[in-house]
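Here are the chains, one letter per residue:
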Amino acid sequence: MAGMLYLCATPIGNLEDITLRVLRILKEVDVIAAEDTRQTIKLLNHFGIKTPLTSYHQHNKREKTPVLIHRLQKGEKIALVTDAGTPAISDPGEDLVRACYDAGVEVTSLPGASAVVTAVTLSGRKTRRFTFEGFLPADKKERAAALKRLTDSSCTTVFYEAPHRLQKTLRLFLETLGEERKITVCKELTKKHETVFSFTMGEAVRYFETTEPKGEFVLVIEGIEEEEKKAERQKQWLEVPLEAHMQKYLSQGMDKKEAIKQVAKDRGMPKREVYNALL
C-alpha cells in the first residue's frame, strides 16, 4: 500500500508558529525532505525531533523526485518542508506533489504559517481579491509581462523580494506604476524586528535609497480602483472615431439599437448623444 506525502508548514520566523499536528507528523514520518537540511535541523533540534533528513531542493529535484516517489510507493511516509512557511508555494515542492498524483500516491497538506497571508493581513490593503506573483521573474520578457499585469490590475498583488534586489525592484515598480501607487513593505515577518511600512511607490524608493535593506521582504501593492480602470477604458474609446466604434459592434451581429447602447456605455455618453452624433 502506498505511503503518504505530508506538506508541513513550518514557522517563517517565530518558532512558536508551528501546529501541534505538524510536530506530531514530523516525529511519526519515516523521513523529512527539506529544502535546506541545515535550516531544518535547527527546527528539529529545538523541538527534540530525531527523524532522519534528506534534501529536496531546486537543484536536485530532477534526480530526487523519483527516489522519493519510489519510497512512497513502498509504503513510507514522508514530510516535505521548505526553509520557512508552506511547501509548494514558490517552492520545488509543487513538482513533487504533481509527481505523487501521477504515481497514485496520496498527498495531504498541514496548514500553518505563510508569508503571503501574513503580509496581506498586515498590509491594510484590500483583501477580498489578491494575486500572488512570487519573485519578479529574472527573464526580461516574463518580467515585462508581470509588470504589465500590474498596470491595470484592480486587485492587490503580492511579491517576495530579497534585500539585495529590493531597490532595483522598487524602481521598476515606480517606472511602471507611477509615484502615487500605494505599497506596503513587510520586513522580517513574525521575527523580533518585524516592520511594516505603508508608502506611496515614490516614498518607498526614496526610503530604501537612504536605508540599506536587510532581512526578507514581502511587497503588497494596491490595485487600481475600478472607477479609475473604467475611466482609462473610456479614454481609449474616445480616441476611436464614433463611426468605427459603431461598426465594430454591427460587424459582430448586433442590431443598430444594441450597438448604440454598447457604444454609449464604452464612451461614458448618453445613448441620445451617440444617436444624434451618428445622424
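Anyway, here's the lowdown on the structure attached to this text. Note that the structure is a prediction, hence the values are computed from the model and not measured.

Structural notes on the overall build of the chain
Along the backbone of the chain there are 12 helices and 10 strands. The C-alpha atoms of the chain give 25 Å as radius of gyration, which overshoots the globular expectation for 279 residues (19 Å, by more than 25%). When the backbone C-alpha atoms are referred to their principal axes, the chain occupies close to 85 × 50 × 35 Å. When the 279 residues of the chain are sorted by exposure, 43% land in the buried category. Residue pairs in contact within the chain that sit at least 24 positions apart in sequence constitute 69% of those at least 6 positions apart. Total accessible area on the chain is roughly 15900 Å²; 50% of this is exposed by carbon and sulfur atoms.

Observations regarding the sheet that holds strand 2 (residues 31-34)
Taken together, 5 strands build an open sheet; the order of strands is 3-2-4-1-5 and the sheet is parallel. Since the sheet does not close on itself, it has two edges, and those belong to strand 3 (53-55) and strand 5 (106-110), each with one partner. Averaged over all pairs of adjacent strands, the angle between strand axes in this sheet comes to 25 degrees, irrespective of strand direction. The pairing of strand 1 (residues 4-8) with strand 4 (residues 77-81) spans 4 bridges and is classified as parallel. From the neighbouring strand, leucine 7 faces strand 4, where its bridge partner is leucine 80. Lying on the sheet, helix 1 (residues 20-28) is in contact with strand 1, strand 2, strand 4 and strand 5; it crosses strand 5 at an angle near 135 degrees. The strands touched by helix 4 (residues 93-103) within the sheet are strand 1, strand 4 and strand 5, with strand 1 carrying the most contacts at an inclination of about 155 degrees.

Quick notes on a positive patch on the surface
Together, Arg233, Lys257, Lys261, Lys265 and Lys271 make up a positively charged patch on the protein surface. Summarising the element assignment, lysine 257 is placed in helix 11 (residues 256-267). Judged by relative accessible area, which is 72%, lysine 257 ranks as exposed.

Quick word on the pattern of salt bridges
Within this structure, the stated rule accounts for 11 salt bridges. We note a salt bridge from arginine 98 to aspartate 95, for which the minimum N-O separation is 2.7 Å. Linking arginine 98 with aspartate 95, this pair stays in helix 4, spanning 3 residues, or about one helical turn. The class of arginine 98 is partly exposed, set by a relative accessible area of 44%. The class for aspartate 95 is partly exposed, based on a relative accessible area of 23%. A network of salt bridges, in which partner residues are shared, links Lys61, Glu94, Asp95 and Arg98.

Each value, and the rule that gives it
Sequence order as written defines the numbering, with residues in each chain counted from 1. Local features in this predicted model are restricted to residues whose pLDDT is 70 or higher, and side-chain atom pairs enter the listing and the counts only when it is 80 or higher, whereas totals over whole chains, interfaces and linings include all residues. As a convention, hydrogens and water are excluded, and side-chain values are obtained from all of the structure's heavy atoms. Helix numbering and strand numbering both begin at the N terminus, where a helix is a DSSP run of H or I of at least 4 residues and a strand a DSSP run of E of at least 2. Only the C-alpha atoms count toward the radius of gyration. The rule for a globule is 2.2 Å times the residue count to the power 0.38. Exposure classes here rest on a 1.4 Å probe applied to the protein chains alone. A residue is buried below 20% of its type maximum, exposed above 50%, and partly exposed in between. What makes two residues a contact is simply this: any of their non-hydrogen atoms within 4.5 Å. Computed by Shrake-Rupley with a 1.4 Å probe, the accessible areas treat only the displayed protein chains as cover when residues are assessed. At least two bridges found by DSSP between two strands is the condition for calling them paired. Only the stretch in contact is used when a helix axis is fitted, and all axes are lines through C-alpha atoms; the angle between N-to-C directions ranges over 0 to 180 degrees. What goes into a patch is any residue over 30% in relative accessible area without a salt bridge, connected to like charges within 9 Å or, for nonpolar side chains (Val, Leu, Ile, Met, Phe, Trp, Tyr), within 5 Å. Each salt bridge in this description consists of a side-chain nitrogen of Lys or Arg and a carboxyl oxygen of Asp or Glu lying within 4 Å of one another. Note that His is not counted, nor are the chain ends; the positive residues are Lys and Arg, and the negative ones are Asp and Glu. By convention, the charge on Lys lies at NZ, on Arg at CZ, on Asp at CG and on Glu at CD.

Scope: geometric values only; no functional claims are made or implied.
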